[in-house]
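The residues making up each chain are set out below.
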Amino acid sequence: KVSIAVLACAASGTFVNAYQPQFDFPWMQNLQADPAERAAALVKEMNLTEKVHMLHGSGEGYVGNVEANTRLNIPAIKMNDGPQGFRGIPGTSTAFPSGLNAAATWDGDLVELWGKTMGEEFFDKGANVQLGPGMCV
């Protein structure tokens, strides 16, 4: 299910960072179609190496990195740890309160601002997936 979610995001063209989707691929022609159907159409076109690459990742610079698939017009997936802030560039990240602390305020506007601000910081540093939330069990 996780891989379908990742592929649905790839098929939807919703990734950030100057990615310009090309609409000559079957899964990009009807952006209003069901994401699961679009993801299935994309997977059908992938060879085994491309499928493994989507689940394995490669490259550097982020906690998780899946390089772009130019043949199928899938943008790079650049994941970074959250949920308390961007990891990897010492001294440049905001130390956000935990989600539990934010929720304990019972202030919906504050929680929305918390999420928006964290998302903007991740976006500005090049990540298009924020990993989280964290939980100690």
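The text that follows walks through the structure, step by step, so that each part is easy to find. (Residues numbered from 1 in each chain as written. Predicted model: local features only at pLDDT ≥ 70, side-chain atom pairs only at ≥ 80, totals over all residues. Heavy atoms only, no water.)

Section: the overall build of the protein chain
Looking only at helices and strands, one finds five helices and three strands in the protein chain. Its helices and strands taken in sequence order, the protein chain reads α-α-α-β-β-α-α-β from the N to the C terminus. Out of the 137 residues belonging to the protein chain, those deemed buried represent 29%. Across the protein chain, every contact between residues at least 6 apart in sequence was considered, and the portion connecting residues at least 24 apart equals 53%. Looking at the protein chain as shown, the accessible area adds up to about 8,800 Å², and 60% of this sits on carbon and sulfur atoms. (Helix = DSSP H or I, 4+ residues; strand = E, 2+ residues; numbered from the N terminus. Buried < 20%, exposed > 50% of the residue type's maximum accessible area, 1.4 Å probe, protein only. Contact = heavy atoms within 4.5 Å. Areas by Shrake-Rupley, 256 points an atom, 1.4 Å probe, with all protein chains shown as cover.)

Let's talk about the environment of Ile77
Among the structural elements, Ile77 can be located in strand S2 (residues 77-81). Along the sequence, Ile77 and Gly57 sit 20 residues apart, while their C-alpha atoms lie 8.7 Å from each other.

Here we look at the sheet that holds S2
With mixed pairing, three strands are arranged side by side in an open sheet as S1-S2-S3. The open sheet terminates on both sides in strands that have one partner only, identified here as strand S1 (64-66) and strand S3 (129-131). Averaged over all neighbouring strand pairs, the angle between strand axes comes to 15°, with direction disregarded. In terms of strand pairing, S1 meets S2 through three bridges, oriented antiparallel. (Pairing = 2+ DSSP bridges. Axes fitted to C-alpha atoms, helices over the stretch in contact; angles between N-to-C directions.)

Topic: the packing of aromatic side chains
This structure, assessed with the given rule, holds one aromatic pair. Judged by centre distance (5.3 Å) and plane angle (70°), the rings of Phe86 and Phe122 are edge-to-face. One end of the pair, Phe86, is in the loop between S2 and helix H4 (99-104); the other, Phe122, is in helix H5 (residues 108-124), and 36 residues separate them in sequence. Judged by its relative accessible area of 7%, Phe86 is buried. (Phe/Tyr/Trp six-rings, centres within 6.5 Å; stacked < 30°, edge-to-face > 60°.)

Quick word on the side chain of Asn69
Note that Asn69 resides in the loop between S1 and S2. Looking at Asn69, its side chain comes within polar contact range of the side chain of Glu50, at 3.3 Å. Apart from residues no more than four positions distant in its own chain, Asn69 is found in contact with Glu50 and Ile74. (Polar contact = N/O pair within 3.5 Å; in protein donor to acceptor, adjacent residues only side chain to side chain.)

Considerations on the environment of Thr94
Here Thr94 shows up in the loop between S2 and H4. With 27 residues separating them along the chain, Thr94 and Glu121 place their C-alpha atoms 8.2 Å apart. Discounting chain neighbours no more than four positions away, the residues touching Thr94 are Gln84, Gly85 and Glu121.

A few points about H5
Here H5 is 17 residues long and its end C-alpha atoms lie 24 Å apart, about the 24 Å a rise of 1.5 Å per residue gives. For H5, every residue scored as buried is listed here: Met118, Glu121 and Phe122. Relative to the axis of H5, the buried residues are bounded by an arc of 100° and lie together on one face. Across H5 from its buried face, at more than 90 degrees, point the exposed residues Gly108, Asp109, Glu112, Lys116 and Asp124. The backbone nitrogen of Asp109 lies 3.1 Å from a side-chain oxygen of the residue at the head of H5, namely Asp107. Directly after H5, the chain includes Gly126, whose backbone phi takes a positive value near 100°. (Expected span 1.5 Å × (residues − 1). Arc of directions from axis to C-beta.)

Everything listed here is a matter of coordinates, which is why it stays silent on function.
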